[in-house]
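Notes for the structure review
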Amino acid sequence: MSQVNKAKTRSIAGLLAGYTPLPGVADEMVDAAGALRPGWGKLLGSLDEIGPEKLATRFARANQYLLDAGVFYRVYDENGTQERQWPLAHIPLLINEQDWSTITAGLTERADLLEDIVADIYGEGKLVRDGVLPPDLIASNPEFLHPVAGIKPAGGRFLHFCAFELGRAPNGQWWVLGDRTQAPSGAGFALENRVATTRALSDISASMNVHRLAGFFKDFRDSMQSLIIDPQARAAILTPGPNNETYFEHAYIARYLGFMLLEGEDLTVAKGRVMVRTVSGLKPIDVLWRRMDAAYMDPLELKSDSWIGTPGMVGALRRRTVSLVNALGSGILETRALLAFLPAISKALHERDLALPSIATWWCGQEKERKHVMDRLDQMMVGPALSTRLPFEDVRATVLGSKLDPEARSQLLERLQNDGRGLVGQEAVKLSTTPVYVDGKLEPRPFVLRVFAARHKDGWSFMPGGFARVGFTLDTAAIAMQRGGQAADVWVTSKGPVAKDTLLPREDDLFQRNVPGTLPARAAENLLWMGRYIERAEGTARILRACHARFAEAPNQELPLLTEMRDYLKPLGVDLDQAIPKGLQRSIDGAMLSAGRIRDRFSPDGWLALHDLSKTVHRFSDVVTPGDDATRAMTIILRKLAGFSGLVHENMYRFTGWRFLEIGRRIERGIQMASVLARLARHDAAEGSLEMLLEIGDSVMTHRRQYSVYSGRISVLDLLALDPLNPRSIIFQLDALKTEFGLLPVREGGRGAVTSMQTFSKDVLRLHTQLAISEAGELTPETLHKVAFDIGALADAISDTYFA
Amino acid sequence: MLYNIRLHLHYDYARSAAAGRHHVRVMPQTLPGVQRVIASSLSFEPASAERSEFMDFFSNSVTSIVYRNPHETLDVTMTARVNVTRPPLMFDVSPDIAGLKKEIRSVWSIAADAPHHFLTSSKHAAIDPDITAYAALSLANTKTVTEAVNDLNRRIYSDFKYDGDATDVRTNARQAFDLKAGVCQDFSHVMIAGLRGLGIPAGYVSGFLRTIPAPGKVRLEGADAMHAWVRAWCGREAGWLEFDPTNNMAASNDHITIGCGRDYADVSPIVGVLKTSGSQEGKQSVDVIPLE
């Protein structure tokens, strides 16, 4: 029966009206008899009460949250890669506690079985020896990593964090469609689904006893920390980098859990131990949650052309000095053909049937199974035996028997006959549906539930809900995010109140301050460069504004001053004839690029401000014209830059990372000021140069107050180079650098005694003193050029000390 | 046959290498029934910051070395005294190709010597329809698998030209097949790809070959070379048999084994620095001196 029974649901007819589950397919909201399943009545009633208009406002609020938080994922298509906003399906999927405990009991058993299988494949090889698992599925499997065979994981276990893709059969039974053991993603997105959905429906979720997600992350964090052996060592997250499709999530989880986010180049192996290069020297890493596929982890022993790995990683594993979550080689458990053997393996290893079955799978390398698939081709999905993709995400290589034309069908039958070992058949499943909100109405859509499991000391902990992938259409093949699916929050609802877990320490928890000085060198370098690029953009925009204002006043005559400035800007890559020069855009892009590589250390607000700035500049570049228009544009850009700087200055904790950002800004500002003074404070500088300098140095008012109306060369030089109270003067930058340099960490294993002053500290002191005892009249262009050069040398010294 | 073997590898870096990490596979090993290593040593110049040894999946002995300071050259010197006593060739006990396929399936093992690891494409020796078609002619002329392997060994020897300038260490089976030329590494890769195409498990053996000077000539110092040949799994009875397509012979007491793998990539003498070096003869010198 597919038509909703109106008699039973009359009281909540609103959203339910017209909701028609598909024939022969289970629906999560409405049962076979047309009655609402537990919990849905309350949800629908509340939604109806809110009404379509307010609901639209609330859903918009959820979307706005995701936009503000910068939640994106990357898609790859013919146009290259693009960032897409996270597609939230606003109606949560409800699962009651009883269903949920059936699922988690089944998955606990399954996770333990998977652990035993992978330990056997890379250990004793009993499953193959006893004839349970065909050897060629292992030996010829690209996920079987020969170099790690025989290596026992340091912590004793291969699997610590897994995900399972589940679907529900028409008879109501849950099926496992696939196991994710390589580097499962989505846990962070699940958290964001929850936060966003709660933004829209907080009153409803509060009244429905929805299980919280934080407890799961707390368990996982504790379990990662329990793998640390050396008290000096740390746990960290390893990401392939900002170009990865789920990089946002890596940064997000790193921030949420308080772990360092590292890339392969941050790591090195010394004396058999994995170490992170930090600004304080090499620090040991005992646990890595790797978000990159195993093959890329070590170019020396695995994929030799991997640029994102760490040479020697496998050697460290061989010495059992580091735990990987999950162990290298665990990806073999994702092999599609393995699903065909799980029932027999469960019997062989655990002497029982699987409580939660997999989608029916037949490996066509066996005669009986091949015949079964060929005889029932219309009810089969057929695909590569060693594929690690889910059948419905693999539209290129996996085909539906029922959709083949006669020619393709006979070709497939022939392939099955000749190359059965390379193929598996799987029952063409009809996934159950859940409601989505479309134009004020509910409509059924197929979905896949992703369940996350983390190992803790006594077993497995499950994230209660959080993540379902829902199709935009009724086509089950379009559930994959890459192909335009959407994501829904999943509410596991309880009859009674639920535990209020949070990641914040409880009152009686011991206070623990993080070990300081663990800023990865790469992060420090990116922070420094971000500071430099932002400052470079600001300096450039100030000059451009001053120039365009003059151009606007006298558009038809070429002022000598503007010629001067054109010459000054040219070697900096800035073309004064472009209203929004490419050189300015490049500085902002450079800042974005640096910031993008350290998103875990960056507040969402800061990121948004920078993103907004970049968008503005690129938009301006198409429409703004020289003169007055450009003057106004520069004012807007400068205001946005000030907004960003304010965020950084007022909100960023003064940890080591902030110092590198600050050093970058001060160095750049010092160089710029010295250079522009060398050009415009010459005896023979063009008319109006001094006024322009004051404008560039944002010091018109100060100068007027302190000196006289007339801009004298000496007084301008004094104010912009030597006045220690002027935040734009050269000496002010050197003062700040002196302070920051003194607070930088001392590198362990570096040259020189630990107590002696670092070379760059001596250099800045020398430079500061030289300038402090100078008279403004002594500052010739040559002296100023030398100052600019010496400040640049400070940046090199920092780089040699901390980033090399 | 008793030998003193000396291998010297020399690398010049165009630009000073700031640091390096290498895996070195050059030490002959004791292989029960085939060869016995009486003594061996391996040294590096400059001395490495770290050094350790391990056995890889295929039971090859690997020396891992790490450099942290800039260096312009690397010299690897291996010396060993090895006694090679291969058993004489038995009469042919191998099945035909259909029988072999059944026998492969009856081996329920993923141990390093199991045939299953050697049946599919690898980096340098990918299964290729043209190479398979070429190899298939050897099946047509023969009855047993061993005969077929022997025949392919002979045909590669006669159809391919030995040419040290035609290829380099990165050349794969297909490229060498198109050139119909190359060195021992290429001959071996073509043969491995061909055998795998036919469903015969095949692997790569790296080692040394004693060269016998022409009559009346003296053996030249350092004139020998590292060598490579092929092993093929010819059924449960026959097991792994070794053939040398570069010399049209079965592996003999003149062949001293370092190790084996799926292809060159599994047993290259040194990984980590060879990426940009030239041809495989590059800067190596080998002396294989018989003591009997």
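Fair warning: this is a prediction, and the values are worked out from it, not measured in the lab. (Residues numbered from 1 in each chain as written. Chains lettered and ligands numbered in written order. Predicted model: local features only at pLDDT ≥ 70, side-chain atom pairs only at ≥ 80, totals over all residues.)

1. Things to note about the overall build of chain A
- Counting its regular elements, chain A contains 24 helices and 20 strands.
- Oriented by its inertia axes, the alpha-carbon framework of chain A measures out at about 95 × 65 × 65 Å.
- By the burial criterion, 48% of the 804 residues in chain A qualify as buried.
- Contacts in chain A between residues far apart in sequence, at least 24 positions, make up 72% of those at least 6 positions apart. (Helix = DSSP H or I, 4+ residues; strand = E, 2+ residues; numbered from the N terminus. Buried ≥ 20, exposed ≤ 12 C-beta atoms within 10 Å, placed from the backbone. Contact = placed C-beta atoms within 7 Å.)

2. Observations regarding the overall build of chain B
- Within chain B one finds 6 helices and 15 strands.
- For 292 residues, the compact-globule estimate of 2.2 N^0.38 gives 19 Å, and the C-alpha radius of gyration of chain B, at 19 Å, lies within 12% of that figure.
- The principal-axis extent of the C-alpha atoms belonging to chain B is close to 55 × 40 × 40 Å.
- Sorting the 292 residues of chain B into buried and exposed places 44% on the buried side.
- Considering only intrachain contacts with a sequence separation of at least 6, the fraction spanning at least 24 residues in chain B is 74%. (Rg over C-alpha atoms; globule rule 2.2 N^0.38 Å.)

3. Regarding the domain arrangement of chain B
All names here are of chain B.
- Entries for chain B in the domain assignment read domain 1 (2-84) and domain 2 (97-265).
- When each unit is reduced to the centre of its C-alpha atoms, the spacing between domain 1 and domain 2 is 24 Å.
- Each side of the interface is counted separately: domain 1 has 16 residues, and domain 2 has 10 residues.
- Counting residues per element, the ones that place at least two in the side of domain 1 that touches domain 2 are β1 (2-17) and β6 (71-84). (Domains from an automatic or database assignment.)

4. Details of the confidence of the model for chain A
Residue and element names in this part refer to chain A.
- On average, residues of chain A score 89 in pLDDT, and 93% of them are at 70 or above.
- Counted against residues more than four places away or in other chains, residues 1-12, with its pLDDT under 50, gives 26 contacts.
- Low confidence marks residues 510-514, where pLDDT is under 50. Its contacts with residues over four positions away, or in another chain, come to 0 contacts. (pLDDT = per-residue confidence, 0-100.)

5. Some words on the packing of helix α2 (residues 129-140) of chain B against helix α3 (residues 145-159) of chain B
All names here are of chain B.
- Running from amino to carboxyl end, α2 crosses α3 at an angle of 130°, the nearest separation of the two axes being 8 Å. In terms of axis orientation, α2 runs oblique to α3. As α2 runs across α3, the sense of the crossing is right-handed. Facing α2, whose interface residues are Ala135, Ser138 and Leu139, α3 presents Ala148, Asp151, Leu152 and Arg155.
- When the residues that make up the contact of α2 with α3 are grouped by side-chain class, the tally is 4 nonpolar, 1 polar and 2 charged. (Axes fitted to C-alpha atoms, helices over the stretch in contact; angles between N-to-C directions. Parallel < 35°, antiparallel > 145°, perpendicular 65-115°, else oblique. Left-handed = near helix turned anticlockwise from the far one by under 90°. Nonpolar A, V, L, I, M, F, W, Y, C, P; charged D, E, K, R; others polar.)

6. Some thoughts on the interface of chain B and chain A
- With 19 residues of chain B at the contact, the number on the chain A side is 18 residues.
- Going through the elements one at a time, β2 (20-24) and β4 (50-55) of chain B are the ones with two or more residues in the side of chain B that touches chain A.
- Its residues assigned to classes, the side of chain B that touches chain A shows 9 nonpolar, 7 polar and 3 charged.

7. Here we look at the environment of B:Leu74
Residue and element names in this part refer to chain B.
- With respect to the helices and strands, leucine 74 occurs in strand β6.
- Exposure remark for leucine 74: the 23 C-beta atoms within 10 Å place this residue in the buried category.
- Residues leucine 74 and asparagine 141 lie 67 residues apart in sequence; the distance between their C-alpha atoms is 49 Å.

8. Remarks on the pairing of strand β4 (residues 161-168) of chain A
All names here are of chain A.
- With 8 of 8 residues buried, β4 is to be regarded as a mostly interior element.
- A two-sided burial pattern is seen for β4, the buried positions comprising Phe161, Ala163, Glu165 and Gly167 on one face and Cys162, Phe164, Leu166 and Arg168 on the other.
- Here 6 bridges tie β4 to strand β17 (residues 441-456), and the two strands are oriented antiparallel to one another. Opposite glutamate 165, over in β17, you have arginine 450 as the bridge partner.
- In this sheet, strand β5 (residues 174-180) lies alongside β4 in antiparallel orientation, the contact comprising 6 bridges. The residue bridging leucine 166 from the neighbouring strand is valine 176, located in β5.
- Between β4 and β5, which pair antiparallel in sequence order, lie 5 residues; one of them, glycine 172, sits at a positive phi of approximately 95°. (Pairing = 2+ DSSP bridges.)

9. Topic: the packing of helix α13 (residues 521-553) of chain A against helix α19 (residues 689-696) of chain A
Residues and elements named next belong to chain A.
- Look at α13 against α19: their axes get within 9 Å of each other, and the N-to-C directions meet at 135°. For the element pair α13 / α19, the angle class is oblique. As for how α13 packs across α19, the hand of that crossing is right-handed. Contacts between α13 and α19 involve Arg542, Ile543 and Ala546 from the former and Met692, Glu695 and Ile696 from the latter.
- Residue composition of the contact of α13 with α19, by class: 4 nonpolar, no polar and 2 charged.

10. A word on the sheet that holds strand β13 (residues 380-384) of chain A
Residues and elements named next belong to chain A.
- Sheet architecture is open: 4 strands sit in the order β12-β15-β13-β14, paired in antiparallel fashion. Only two strands of the sheet have a single partner each, and these edge strands are β12 (361-363) and β14 (399-400).
- With respect to the sheet, helix α11 (residues 367-375) is in contact with β12, β13 and β15 (423-427), its orientation differing from that of β12 by roughly 125°.

11. With respect to α2(B)
Residues and elements named next belong to chain B.
- Between its first and last C-alpha atoms α2 spans 17 Å; for 12 residues at 1.5 Å apiece the expected length is 16 Å, and the two agree.
- By the burial criterion, the buried members of α2 are Ile131, Ala135 and Ser138. Looking down the long axis of α2, one finds its buried residues gathered within 30° of arc, a one-sided arrangement. Counted as exposed and oriented over 90 degrees from the buried face of α2: Pro129, Ala133 and Ala140. (Expected span 1.5 Å × (residues − 1). Arc of directions from axis to C-beta.)

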